[in-house]
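Secondary and tertiary structure notes
The primary structure of each chain is shown beneath.
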Amino acid sequence: MIAVVDYNAGNIRSVLCALERLGAKAELTCERDKILSADRVIFPGVGQAESAMAELEKRGLVETLRQVKRPFLGICLGMQLMNAFSEEGDVNLLSLFDNRVSLFPSDLGFKIPHVGWNSISFNTSPLFEGIESGSYVYYVHSYYVPLSSSTIASTDYDNLTFTASMAKDNFFGCQFHPEKSGEVGERILKNFLSLEVEK
Amino acid sequence: MLAKRIIPCLDIKDGRTVKGINFLSLRDAGDAVENAARYCEAGADELVFLDITATVENRDTLSSLVRRIADRINIPFTVGGGIKSVEDAYRILDAGADKISINSRAVREPELIKSLSYHFGSQCVVCAIDVRKNPAFDSEEGEGWEVYLDGGRTPTGIDGIKWAKRVEELGAGEILLTSMNHDGTKSGFALDLTKRVSTSLSIPVIASGGAGKIEHFEEVFTSGYADAGLAASIFHYHEVDIMKLKRYLASKGIPVRI
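Residues numbered from 1 in each chain as written. Chains lettered and ligands numbered in written order. Predicted model: local features only at pLDDT ≥ 70, side-chain atom pairs only at ≥ 80, totals over all residues. Heavy atoms only, no water.

**Details of the nonpolar core**
- Residues Leu-47, Phe-77, Ile-113, Ile-129, Phe-217 and Phe-235 of chain B are the most contacted members of the largest nonpolar core, which totals 81 residues.
- Beyond its immediate chain neighbours, meaning those up to four positions away, Phe-217 of chain B contacts Ile-6, Phe-189, Ala-211, Gly-229, Ala-231, Ile-234, Phe-235, Leu-245 and Leu-249 of chain B.
- Counting 66 residues, the second largest nonpolar core, distinct from the first, contains Phe-72, Val-101, Val-137 and Leu-160 of chain A. (Core = buried A, V, L, I, M, F, W, Y, C linked by side-chain atoms within 4.5 Å. Buried < 20%, exposed > 50% of the residue type's maximum accessible area, 1.4 Å probe, protein only. Contact = heavy atoms within 4.5 Å.)

Shown next, in the form of structure tokens:
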């Protein structure tokens, strides 16, 4: 069973639909036991970091998410929340990764939010098996995670390069929306569903 | 590199795709979900659905259609038509739409843009603006454009460029800009208008109205500085093939998703 973390974030239905198209059995849940015993955990989200963290606290999910041992995938805001701190509401996050989430600088002349299809560059990762580096994925976001040692794929937005995807142990994150990224996105989700990690 | 987006638009009535000329003699153009899936396979980057009847009685029909679309397609889509409140928007987004589009209601109640972006984030809020040339709004920067409502029937006396700026300040995440002078002419997009709006705002602009051939998209992305190009009939009647269009744009050095 795949647990899709329910914390009242937006656009969860697209993730559930995408999993269903892949024939995967998923359940939207905020129950600790279900999340910790799930074979996979998907942590989606469209929304705002500060209110999302407040909702996770309220549902007692902060510690639960940190304890997940099975493959875990944060999508968009979900990936951002896996880091240490966000400028969006100046809030402390889950600290699964030690990065600071920043607002795209307004003085670089590009449009914010970063909306649309952009290409990802990567070397190799089981998450991207069967996909060519340079493939396009769909983004909608105003905040970004800078490049770090946990970056496994990056995207250029004009002259700024940011983390498209990150990984450490069983924790994976995608800033883009695989559930909205056509065939490429479906392959990434499929790869996530079949990857094995040791911890 | 962020790609320029190609967006087919589908007009919806009672769950079916319809086509008509100036809202007259609507003609059934097939099942909306099937049409959406076809566009998706043909290489569309995003889809826009406009419910042109948009009556209260149709609310449930529309959300069940949105549900069926979300089940089927794996690219983002926007739904517009008749959204008058946060509750209306919630119903559409909860059914699986990625964005909602508002038009007339935003002019009558600008605070709605603010509440929608507060509740769902600006990335969910597309503000559609229909404009027609009006010399009364001419300025040093160029020709004047007046905002029209209700599918182009109601003039407002509002300057289109100023309204676009205001819409951004209120929290819209994208602007869907239609020149009524160009719409349906197939003679190309309103390049000056698109350029002025796109370069004076920091949110993306979807250009609409006037696409007739592949070169028109090249122009709107280069001279018009548009972030996306939207069209309906030319895609619907296969006058322009989306992949052919994208390959052409790529050959001109315009970044597109192929």
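Let's pick the thread back up.
**A look at the packing of aromatic side chains**
- Following the criterion strictly, the structure yields 17 aromatic pairs over all chains and no others.
- Ring-pair connections join several aromatic residues into one group, and the members of that group are Phe-104, Phe-110, Tyr-139, Tyr-144, Tyr-157, Phe-162 and Phe-176 of chain A.
- We note Arg-40 of chain A situated over the ring of Phe-192 of chain A; from NZ or CZ to the ring centre the distance is 5.9 Å.
- Between the NZ or CZ atom of Arg-132 of chain B and the centre of the ring of Tyr-148 of chain B, over which it lies, the distance is 5.2 Å. (Phe/Tyr/Trp six-rings, centres within 6.5 Å; stacked < 30°, edge-to-face > 60°. Lys NZ or Arg CZ within 6 Å of the ring centre and 35° of its normal.)

**Focus on the packing of helix H5 (residues 111-120) of chain B against helix H6 (residues 160-170) of chain B**
Residue and element names in this part refer to chain B.
- At a closest axis distance of 8 Å, the pairing of H5 and H6 adopts a crossing angle of 35 degrees. Between H5 and H6 the crossing geometry is right-handed. Between H5, through Glu-111, Ile-113, Lys-114 and Ser-117, and H6, the contact on the second element is made entirely by Trp-163, Val-167 and Leu-170.
- Of the residues contributing to the contact of H5 with H6, the split by class is four nonpolar, one polar and two charged. (Axes fitted to C-alpha atoms, helices over the stretch in contact; angles between N-to-C directions. Helix = DSSP H or I, 4+ residues; strand = E, 2+ residues; numbered from the N terminus. Left-handed = near helix turned anticlockwise from the far one by under 90°. Nonpolar A, V, L, I, M, F, W, Y, C, P; charged D, E, K, R; others polar.)

**What to know about H5 of chain B**
Residues and elements named next belong to chain B.
- Buried within H5 are the following residues: Leu-112, Ile-113, Leu-116, Ser-117 and Phe-120. An end-on view of H5 places all buried positions within 130 degrees of arc, on one side of the element.
- Elements that come into contact with the buried residues of H5 comprise helix H3 (86-94), strand S6 (99-102), helix H4 (104-108), strand S7 (125-133) and H6.
- Just past H5, the residue Gly-121 takes up positive phi, approximately 90 degrees. (Arc of directions from axis to C-beta.)

**Comments concerning the interface of chain A and chain B**
- Chain A puts 26 residues into the contact, and the matching count from chain B is 35 residues.
- Buried surface at the junction of chain A and chain B, both sides included, amounts to about 2,400 Å², of which 50% is carbon and sulfur.
- Three residues stand out in chain A for area buried against chain B, namely Arg-13, Lys-111 and Trp-117 of chain A, and they jointly supply 31% of the buried area on that side.
- For the pair chain A and chain B, the number of links is three salt bridges.
- In this structure, Asp-71 of chain B and Arg-13 of chain A form a salt bridge, with 3.0 Å as the shortest nitrogen-oxygen distance. (Buried area = accessible area lost by both parts, 1.4 Å probe. Salt bridge = Lys/Arg side-chain N within 4 Å of Asp/Glu carboxyl O.)

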